[in-house]
Amino acid sequence: MTGTMRKNSILAKVFMVFWNTLDGARKIMHLLLLSAFFLVLLAGLAPKVYHVPDGVALILAPAGALVEQIEGDPLDRALEEATGGGSVQTQMRDLVTVMKRAKDDSRIEAMVLDLDGMGGAGLSKLQELGQAIDDFKTSGKPVLAMASAYGKESYYLAAHADDIYLHPMGMVILDGYARYRMFYKDALDKLSIDWNVFRAGAYKSYAEPYMRNDMSDEDRASSKEWLDGLWGSYRQGVVDARGITMEELDGYVNDYVPRLTAAGGDTAVVALEGKLVDKLMSRIEFSDHMKEIVGVDDEDESFKQIHFLDYLDALNGSEKGGHGKDQVAVIVASGSIVGGEQPPGTIGSDSTSRLIRRAAEDEHVKAVVLRVDSGGGSALASEFIREELLRLKQTGKPLVVSMGSVAASGGYWISMSADEIWASPNTITGSIGVIAMFPSFPRALARLGLNVDGVGTAPLSGDFRVDRPLSDDVKAIVQAIVDSGYQDFITKVAAAREMEVSEVDSVGQGRVWIGSRAHELGLVDQLGGLQDAVESAAAMAELDDYRVRYIEQELDPTDQLLISMLKDAGVLGRAQQTTAAWSALTVDGVLDKLKLELDALSRFNDPRGVYMHCFCGDQ
């Protein structure tokens with residue numbers, strides 16, 4: 001072998017060694033990256049262990065609206081929260097659960113109601129939380145409330161605290177209950193849009209904004225009755241919890257302006273002098289006060305504390321399951337009722353029916369509680385759900401309905417066939433009536449120079465087009481469907497409630513009732529909360545040893561992993577919201593009201609355009 005060949009051979013061997021080294025390094029790097037990926041994957045899938053330190057204060061800080069079920073797809077919500085968007089909500093049962101468990105937890109020494117981020121809530125929800133706070137206080141542990149401003153809802157909870165603190169620049173606004181809506185008739189006339197409305201029920205007022213420029217006398221009288229009932233219950237609840245007289249509370253509410261003038265515009269002083277708060281404190285002063293009660297957190301120099309969501313995670317991480325295999329299943333039906341598959345927070349005819357079937361087919365489920373918090377929606381979707389509930393009853397499992405803040409119209413339709421109906425004294429229910437409405441645009445198009453003409457082969461040919469005037473035949477058809485739907489409604493209620501049809505008609509006609517009045521009228525069986533309904537269902541099934549299980553839509557494993565990773569990475573923070581006392585005064589607050597109603601309309605998808613809906617969930 002020549003020298004040149006030998007050199008080439010050596011170079012080739014060196015190159016091969018170098019190449020093999022690079023290739024080996026590449027494989028090692030791939031292996032390390034793959035291992036790291038699987039470690040992250042396993043970390044996301046593995047249950048995280050949360051630690052609750054000894055001697056801490058539980059921070060009960062509800063953010064946004066209090067709801068039975070958080071709305072929307074969980075992954076979408078997580079991504080919106082990570083980017084600072086989306087609506088903020090707090091699930092009721094999370095608050096109740098942590099208070100119930102913290103009551104006997106020796107690691108929890110006190111509870112702080114941090115209420116600056118709290119939004120709206122129905123009175124029945126506030127009463128349930130107030131009872132949970134009172135139950136926590138039987139442990140002897142102090143409860144302190146703190147906020148920069150208290151609105152009607154947040155103050156109701158604060159009234160149950162041992163001590164109420166307010167920022168020196170804060171305020172307490174108790175504005176009562178009201179029902180105001182935006183009316184669109186003049187706007188529709190200016191736009192030359194014909195909004196065709198058909199209804200059965202003299203008090204069925206959902207469609208009034210499209211027909212009038214103001215509230216009808218019937219709706220005004222009906223609304224005033226149940227609003228007065230709510231306000232009376234609210235005032236009595238605050239008086240009992242706070243330990244002041246009704247005269248003192250009414251004096252604060254009714255004479256607020258002259259009192260504020262006398263105090264030189266100092267809203268915090270007015271609240272203090274009115275006995276609604278105990279002391280004015282800044283956030284720093286309050287933190288120092290809490291250090292004296294529970295001690296100092298060495299890590300951040302604040303007082304020792306744990307947020308209620310972290311405490312809930314700790315409870316879930318250590319949960320070993322309930323005693324006994326027998327279960328009382330709770331299915332939450334919250335939001336508008338529409339057809340098809342819907343995310344949590346909306347009642348879908350297919351998605352909710354699937355949950356009911358799961359409860360019916362599960363041998364461990366011995367009784368079912370349907371928690372209804374809905375003003376209704378599609379008539380057909382409501383009937384699909386009621387049919388599924390009737391099938392569940394055929395299995396012999398007791399079915400009990402627990403009404404939340406609202407169970408009206410379609411919400412009552414899906415409730416009426418239960419073995420027993422429970423409602424809060426302040427649940428908004430009834431609204432037994434039917435409407436149909438849809439727009440047509442021939443006048444608007446004509447203003448643009450667009451005209452429609454043609455020929456058809458049958459009497460109704462082309463009569464359902466939105467670009468033509470509604471014919472008398474179509475009007476007769478739709479009104480007949482609505483009248484038939486109302487007759488069907490009151491007939492089914494009469495059969496389910498063992499009442500005369502005429503008797504149901506007299507309390508129907510779209511009229512809204514609060515729970516205590518509905519109980520007197522025979523529309524509900526018992527007054528009480530969710531826990532009362534669960535215990536009643538268990539008694540019907542003759543259960544002594546059982547656990548409560550929520551049957552909910554199951555998360556896709558991939559979505560669950562992504563949500564867990566976002567949370568563990570600290571991307572999902574503790575969202576805050578403008579204090580409810582101020583939100584209604586902002587332009588955004590007004591636009592939000594309009595958006596909510598338009599969103600509700602956009603979701604309605606009844607194939608016949610027939611709805612059982614009550615605009616009564618926002619007071």
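Please refer to the structure placed before this passage.
Let me begin by describing the structure that accompanies this report. (Residues numbered from 1 in each chain as written. Predicted model: local features only at pLDDT ≥ 70, side-chain atom pairs only at ≥ 80, totals over all residues. Heavy atoms only, no water.)

**Overview of the overall build of the protein**
Link 1 in the chain: Along the backbone of the protein there are 24 helices and 22 strands.
Link 2 in the chain: Burial status across the protein gives 47% buried among its 619 residues.
Link 3 in the chain: When contacts within the protein are restricted to residue pairs at least 6 apart in sequence, those whose partners lie at least 24 apart make up 77%.
Link 4 in the chain: Of the roughly 29,800 Å² of accessible surface on the protein, 55% is carried by carbon and sulfur atoms. (Helix = DSSP H or I, 4+ residues; strand = E, 2+ residues; numbered from the N terminus. Buried < 20%, exposed > 50% of the residue type's maximum accessible area, 1.4 Å probe, protein only. Contact = heavy atoms within 4.5 Å. Areas by Shrake-Rupley, 256 points an atom, 1.4 Å probe, with all protein chains shown as cover.)

**As for the sheet that holds strand 8 (residues 279–280)**
Link 1 in the chain: One open sheet holds the six strands; their spatial order is 8-6-5-4-1-9, and the pairing between them is parallel. If you trace the sheet from one side to the other, it starts and ends with strand 8 and strand 9 (305–307), each paired once. (Pairing = 2+ DSSP bridges.)

**Thoughts on the environment of Leu315**
Link 1 in the chain: Within the secondary structure, Leu315 sits in helix 13 (residues 308–318).
Link 2 in the chain: Relative accessible area serves as the criterion here: at 6%, Leu315 is assigned to the buried category.
Link 3 in the chain: Considering only alpha carbons, one finds Leu315 and Val52, 263 residues apart in sequence, at a separation of 9.3 Å.

**Digging into the packing of helix 14 (residues 349–361) against helix 15 (residues 379–393)**
Link 1 in the chain: As a packed pair, helix 14 and helix 15 sit with axes 9 Å apart at the nearest point and diverge in direction by 5°. Judged by the angle between their axes, helix 14 and helix 15 are roughly parallel. Of helix 15, the residues touching helix 14 (which contributes Ser349, Thr352, Ser353, Ile356, Arg357, Ala359 and Ala360) are Ala381, Phe384, Ile385, Glu388, Leu389, Arg391 and Leu392.
Link 2 in the chain: Considering only residue class, the contact of helix 14 with helix 15 consists of eight nonpolar, three polar and three charged. (Axes fitted to C-alpha atoms, helices over the stretch in contact; angles between N-to-C directions. Parallel < 35°, antiparallel > 145°, perpendicular 65-115°, else oblique. Nonpolar A, V, L, I, M, F, W, Y, C, P; charged D, E, K, R; others polar.)

**Some details on the packing of aromatic side chains**
Link 1 in the chain: Within the structure shown, the criterion is met by eleven aromatic pairs.
Link 2 in the chain: Ring plane angle 70° and centroid distance 4.8 Å describe the contact between Trp413 and Phe489, whose orientation is recorded as edge-to-face. Taken as a pair, Trp413 in helix 16 (residues 410–413) and Phe489 in helix 18 (residues 472–497) lie far apart in primary sequence, 76 residues in all.
Link 3 in the chain: Counting every residue linked through ring pairs, the aromatic cluster contains Tyr156, Tyr177, Trp231 and Tyr234.
Link 4 in the chain: Against the face of Tyr550 rests Arg93, its NZ or CZ located 3.8 Å from the ring centre. (Phe/Tyr/Trp six-rings, centres within 6.5 Å; stacked < 30°, edge-to-face > 60°. Lys NZ or Arg CZ within 6 Å of the ring centre and 35° of its normal.)

**Notes on the side chain of Asp94**
Link 1 in the chain: Relative to the assigned elements, Asp94 resides in helix 3 (residues 92–103).
Link 2 in the chain: Despite being buried, Asp94 has no salt bridge partner; Arg93 is the closest side chain of opposite charge, sitting 4.8 Å away.
Link 3 in the chain: Beyond its immediate chain neighbours, meaning those up to four positions away, Asp94 contacts Phe308 and Leu312. (Lys, Arg positive; Asp, Glu negative; His and termini not counted. Salt bridge = Lys/Arg side-chain N within 4 Å of Asp/Glu carboxyl O.)

**Describing the environment of Ala271**
Link 1 in the chain: With respect to the helices and strands, the residue Ala271 is situated in helix 11 (residues 267–273).
Link 2 in the chain: The class of Ala271 is buried, set by a relative accessible area of 0%.
Link 3 in the chain: Sequence separation between Ala271 and Gly170 is 101 residues; the distance between their C-alpha atoms is 8.9 Å.
Link 4 in the chain: Filtering out sequence-adjacent residues up to four positions away, Ala271 remains in contact with Leu166, Val172, Tyr252, Leu276 and Val277.

**Focus: the pattern of salt bridges**
Link 1 in the chain: In the structure shown here, the tally under the stated rule is 32 salt bridges.
Link 2 in the chain: Among the salt bridges present, the one from Glu153 reaches Lys152, with a minimum N-O distance of 3.6 Å. Of the two residues examined, Glu153 and Lys152, each falls in the buried class.
Link 3 in the chain: Ionic pairing is found between Asp228 and Lys224, a salt bridge with its closest N-O pair at 2.8 Å. Separated by four residues within a single helix, Asp228 and Lys224 lie in helix 8 (residues 217–242), roughly one turn from each other.
Link 4 in the chain: Owing to a relative accessible area of 41%, Asp228 belongs among the partly exposed residues under this scheme.
Link 5 in the chain: Looking at Lys224, the relative accessible area reads 48%, which means it is partly exposed.

**Remarks on the nonpolar core**
The tendency in soluble globular proteins is for nonpolar side chains to be buried as a group.
Link 1 in the chain: With 68 residues, the main nonpolar core has Tyr150, Tyr155 and Val172 as its most contacted residues.
Link 2 in the chain: Ranked by residues supplied to this core, first place goes to helix 8 with seven residues.
Link 3 in the chain: Those residues in contact with Tyr155 that lie beyond four places of it in its chain are Tyr150, Ile164, Val172, Leu174, Tyr234, Val238, Arg242 and Leu276. (Core = buried A, V, L, I, M, F, W, Y, C linked by side-chain atoms within 4.5 Å.)

**Topic: the packing of helix 3 against helix 4 (residues 123–137)**
Link 1 in the chain: Here helix 3 crosses helix 4 at 10°, and the two axes come no closer than 9 Å. Compared by their axis directions, helix 3 and helix 4 come out roughly parallel. Between helix 3 and helix 4, the contacting residues are Met92, Leu95, Val96, Met99, Ala102 and Lys103 on the first element and Lys125, Glu128, Leu129, Ala132, Ile133, Asp135 and Phe136 on the second.
Link 2 in the chain: Within the contact of helix 3 with helix 4, the residues separate by chemical class into nine nonpolar, no polar and four charged.

**Thoughts on a nonpolar patch on the surface**
Link 1 in the chain: Together, Leu460, Phe464 and Ile477 make up a nonpolar patch on the protein surface, roughly 260 Å² of accessible area in all.
Link 2 in the chain: Considering the arrangement of structural elements, one finds Leu460 in the loop between helix 17 (442–447) and helix 18. (Patch = residues over 30% accessible without salt bridge, like charges linked within 9 Å, V, L, I, M, F, W, Y side chains within 5 Å.)

**Focus on a negative patch on the surface**
Link 1 in the chain: Together, Asp298, Glu299, Asp300 and Glu301 line one region of the surface with negative charge.
Link 2 in the chain: Summarising the element assignment, Asp300 is placed in the loop between helix 12 (283–294) and strand 9. (Charge placed at Lys NZ, Arg CZ, Asp CG, Glu CD.)

**A word on the environment of Asp240**
Link 1 in the chain: Along the chain, Asp240 turns up in helix 8.
Link 2 in the chain: Looking at Asp240, the relative accessible area reads 55%, which means it is exposed.
Link 3 in the chain: Separated by 80 residues in sequence, Asp240 and His160 have C-alpha atoms that sit 8.8 Å apart.

**As for helix 12**
Link 1 in the chain: Its twelve residues place the ends of helix 12 16 Å apart at the C-alpha level, agreeing with the 16 Å of an ideal helix rising 1.5 Å per residue.
Link 2 in the chain: Where helix 12 is concerned, the buried positions are Phe286, Ser287, Met290 and Val294. An end-on view of helix 12 places all buried positions within 100° of arc, on one side of the element. Pointing more than 90 degrees away from the buried face of helix 12 are the exposed residues Ile284 and Glu292.
Link 3 in the chain: As for helix 12, its buried residues are in contact with strand 1 (56–60), strand 4 (108–114), strand 5 (143–150) and strand 6 (163–172).
Link 4 in the chain: A positive phi of about 95° marks Gly295, the residue just after helix 12. (Expected span 1.5 Å × (residues − 1). Arc of directions from axis to C-beta.)

**As for helix 14**
Link 1 in the chain: Over its 13 residues, helix 14 extends 18 Å from the first C-alpha to the last, a length consistent with the 18 Å expected when each residue adds 1.5 Å.
Link 2 in the chain: Taken as a whole, helix 14 has its buried residues at Ser349, Ser351, Thr352, Ser353, Leu355, Ile356, Ala359 and Ala360.
Link 3 in the chain: Lining the buried residues of helix 14 we find strand 10 (327–334), strand 11 (337–338), strand 12 (347–348), strand 13 (365–374) and helix 15.

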